[in-house]
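Survey of secondary and tertiary structure
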Amino acid sequence: MFRNKEEIKEYIEQLSPEVLKISEVSVRDITLLGSGESNLNYLADLGSKKVVFRLHLEDNTRDKPKKEYLILKKIECLNIAPKALLYDISNTEGSFIILEYVEGNALPSDYQLSDKQFLTLAKELAVLHSSSVHGGVPKNKFSYSGYLARFEADIEYIKRKLQIGKIKDTFVETLYKIDAVMRKDVRENKVKNLFSMTHGDIAPQNMVETDSGFKFIDWESAGIGDPAAEIVFVIDEIGFPITKKQKKLFVEEYFNYCKDPTLKERISLFKKLIRFEQVLWCIKRVYEIKDRELSKAYLKKETLLDILGYMKDCVMRLVKCRIGCSKKDFEPKLIFPEKFRIQLV
């Protein structure tokens, strides 16, 4: 693993200029650009251009950068993402890729998009979803079966944590009941999944506004999936706040560029699946932070109170689906050990 910026600088400076598409390699400066759940991103100023050194932190998912690199290569012709320059399969220092830096306005996570920006987002997602550049790309979670599999894994994780904390099985029983409702809805659903290339994590912090429109960054969750699921993340207020007018504008503009006769029916089912998955994600994430199961970089920037606040919103959205649960079913005393709850107050 690269231990510091100097080691990254040394690595970049020994690369061929042809790899980085410049005449001469000389690193002027390296700064930490940001960190995600499983990566650190460094900005390297090479004088004539800037590149991003994207270092993966998890040993058990070392193939993620390779997948991201291959996907970025496939969608390069769409001009909606940074260009991938290098994935070094021979390097033993860690798993990473090098990308061209996207110049533009990087949006913060709580950014409120304007109507015009929503129209741009709709068009660019429609172009991605209707593209034919997905040969050989693996599937992501964006399918009915993908979400049901996530439910099973997440509930088992939560169940283990509750047993360790000596908490009664009442909450697990609630989760299994909701899971059963979701599985019944999928079985009775007559509209099949449609599949295309999807980004997998559309949110303001993964969008850079440029003169030619948006460019999307952080493609490690990308893959072949149902675009209806991706659209739910845009129009269901999970990624960022959105008005009813903007939802209507988005869907109308999307249909101008991508014809999908069963999209609205699939959105209706995915809305339930994703709202439940988001609640499970929040509970799991609280335990992961509590037990320090995530990277040090992520733990430094994410707080339990942020996750718990988001969880309240997710629970309220799930309750609105009218699937037999209430806000009381998700009270902290049912989910977290007493000593831990005291720390959260």
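None of the values given here were measured: they were computed from a predicted structure.

**Some remarks on empty space enclosed by the protein**
- For the coordinates displayed, the defined rule picks out one cavity of 30 Å³ or more.
- In this structure, the largest cavity occupies an estimated 50 Å³ of space.
- Looking at the largest cavity, the residues that line it are N39, R54, L55, H56, K64, P65, E68, I97 and E220.
- Secondary structure elements with two or more residues in the lining of the largest cavity: β3 (50–56) and α3 (64–74).
- Split by residue class, the lining of the largest cavity holds three nonpolar, two polar and four charged.

**Observations regarding helix α8 (residues 244–257)**
- With 14 residues, α8 should reach 20 Å at 1.5 Å per residue; the first-to-last C-alpha distance of 21 Å fits that figure.
- By the burial criterion, the buried members of α8 are Q246, F250, V251, E253 and Y254.
- Packed against the buried residues of α8 are α4 (115–129), α7 (227–235) and α9 (263–290).

**A few points about the sheet that holds strand β9 (residues 213–216)**
- As summarised here, the arrangement of the three strands in space is β6-β8-β9, forming an open sheet in which the pairing is antiparallel. At either margin of the open sheet sits one strand with a lone partner, and together these are β6 (105–106) and β9.
- Sheet topology places β6 next to strand β8 (residues 207–210); two bridges connect them, and they run antiparallel. Following the sheet pairing, N105 is matched in β8 by E209.

**Focus: the pairing of strand β2 (residues 39–45)**
- The element β2 is extensively covered by neighbouring structure, given that six of its seven residues are classed as buried.
- Examined bridge by bridge, strand β1 (residues 29–35) and β2 share six bridges and lie antiparallel to one another. If you follow I30 over to β2, its bridge partner there is A44.
- Between the antiparallel neighbours β1 and β2 lie three residues.

Basis of the calculations
- Residues numbered from 1 in each chain as written.
- Predicted model: local features only at pLDDT ≥ 70, side-chain atom pairs only at ≥ 80, totals over all residues.
- Heavy atoms only, no water.
- 1 Å grid on protein atoms, 1.4 Å probe; cavity = no way out; pocket = protein on both sides within 12 Å on 5 of 7 lines; lining within 4 Å.
- Points joined across faces, edges and corners; volume = space filled by probe spheres on them.
- Helix = DSSP H or I, 4+ residues; strand = E, 2+ residues; numbered from the N terminus.
- Nonpolar A, V, L, I, M, F, W, Y, C, P; charged D, E, K, R; others polar.
- Expected span 1.5 Å × (residues − 1).
- Buried < 20%, exposed > 50% of the residue type's maximum accessible area, 1.4 Å probe, protein only.
- Contact = heavy atoms within 4.5 Å.
- Pairing = 2+ DSSP bridges.

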